[in-house]
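Below are the chains, spelled out letter by letter.
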Amino acid sequence: MSEAAHTHTAPGAASATMLSVRDLNAWYGESHVLHGVTFDVPPGKVISIVGRNGAGKTTTLRAIVGLLKKRTGSIVVEGTETIGLKPRQITRLGIGYVPEERGIFSSLSVRENFTLPRVVRPPIMDRDEIFTLFPNLAHRLNAPGTKLSGGEQQMLAMARILRTGAPLLLLDEPTEGLAPVIIEQIGETIRRLRDKGFTIVLVEQNIPFAWSLTDTFHVIEQGRVVDSIATGHGQTDAIGRLKSYLGV
Ligand SMILES: Nc1ncnc2c1ncn2[C@@H]1O[C@H](COP(=O)(O)OP(=O)(O)OP(=O)(O)O)[C@@H](O)[C@H]1O
Ligand SMILES: [Mg+2]
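These remarks concern the structure in this document.

Parameters and conventions
Residues numbered from 1 in each chain as written. Chains lettered and ligands numbered in written order. Predicted model: local features only at pLDDT ≥ 70, side-chain atom pairs only at ≥ 80, totals over all residues. Near = placed C-beta within 6 Å. Helix = DSSP H or I, 4+ residues; strand = E, 2+ residues; numbered from the N terminus. Nonpolar A, V, L, I, M, F, W, Y, C, P; charged D, E, K, R; others polar. Pairing = 2+ DSSP bridges. Axes fitted to C-alpha atoms, helices over the stretch in contact; angles between N-to-C directions.

1. Description of the site of ligand 1
In the vicinity of ligand 1, the contacting residues are Y28, S31, V33, G51, N53, G54, A55, G56, K57, T58 and T59. Counting residues per element, the ones that place at least two in the shell around ligand 1 are β2 (31-41) and α1 (57-64). When residues in the shell around ligand 1 are grouped by element, the largest group, three residues, is from α1. A breakdown of the residues in the shell around ligand 1 according to their chemical character gives three nonpolar, seven polar and one charged.

2. Quick notes on the pairing of strand β4 (residues 70-77)
In the sheet, strand β1 (residues 19-28) pairs with β4 via seven bridges, with the strands oriented antiparallel. Bridged to A26 within β4 is R71. Bridge count for β4 against strand β5 (residues 80-81) is two bridges, and the pairing is antiparallel. Bridging from a neighbouring strand, V76 pairs with E81 of β5. Between β4 and β5, which pair antiparallel in sequence order, lie two residues; one of them, E78, sits at a positive phi of approximately 45°.

3. Some thoughts on the sheet that holds strand β8 (residues 199-203)
As summarised here, the arrangement of the six strands in space is β6-β7-β8-β3-β9-β10, forming an open sheet in which the pairing is mixed. Lying at the two open borders of the sheet, with one neighbouring strand each, are β6 (95-98) and β10 (224-230). Strand-to-strand twist of the sheet, defined as the mean angle between neighbouring strand axes without regard to direction, takes the value 15°. Pairing of β6 with strand β7 (residues 168-172), which is carried by four bridges, proceeds in the parallel orientation.

4. Some thoughts on the sheet that holds β4
Strand order in the open sheet made by the four strands is β2-β1-β4-β5, with antiparallel pairing throughout. In this open sheet, the two strands that pair with only one neighbour each are β2 and β5.

Structure representation (structure tokens):
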């Protein structure tokens, strides 16, 4: 696919599966944490990974971007097997990862944080479009990371990965610790990114928040996908089922 044909209004639209995870096993040192995680992420969809604390949600995202040394199974990104690749090679395929701790540079200003990321796939989203998505950031360009609220930090972390041009976004608990009004804004942003054609893997504990954004939920328990629930039918039942997995 030529870059000219690839715009950020329809990223990844050309391939049938953006991300395919098959029988993924992963270890922290000797500790075997993922035991055969399998799921698919079609282009332009929002997939949510839910599960209790310690279930393996973060580890799944970290394994996808190659941050765990020992991984087996298969992780295919737009047709490319990545299980033997290094993190830099993997993200260059077009993955933007926002970790739980948000991964911004607190000593740098919003403007500086913005200019640092390495472009993985042009075209990147331009500043005007980013400020339309995150109006709060436009007023905070010279603010250092340390002076940002939790919500602003989350928005900056998301804005940074949009500057890489990555069409596949992995977001680890973006609403954690944020006020309801900010959670609302993050939800609206994710919805708009989905409408622009981005493919999103969302890790969430907040089922009511994730429900309206998500195409399919995958429930992880002890390093395995134990249930998958498509949204759009049998709503009340499904929300209750998801909540019961989380014990909420
Ligand atoms: N750096 C690490 N070294 C060793 N074990 C780890 C490490 N990070 C996580 N673990 C273990 O791996 C398992 C999965 O952790 P993970 O962080 O993926 O869970 P999670 O589903 O993201 O949980 P949470 O909801 O608390 O974020 C847990 O048993 C955890 O204790
Ligand atoms: Mg986690």
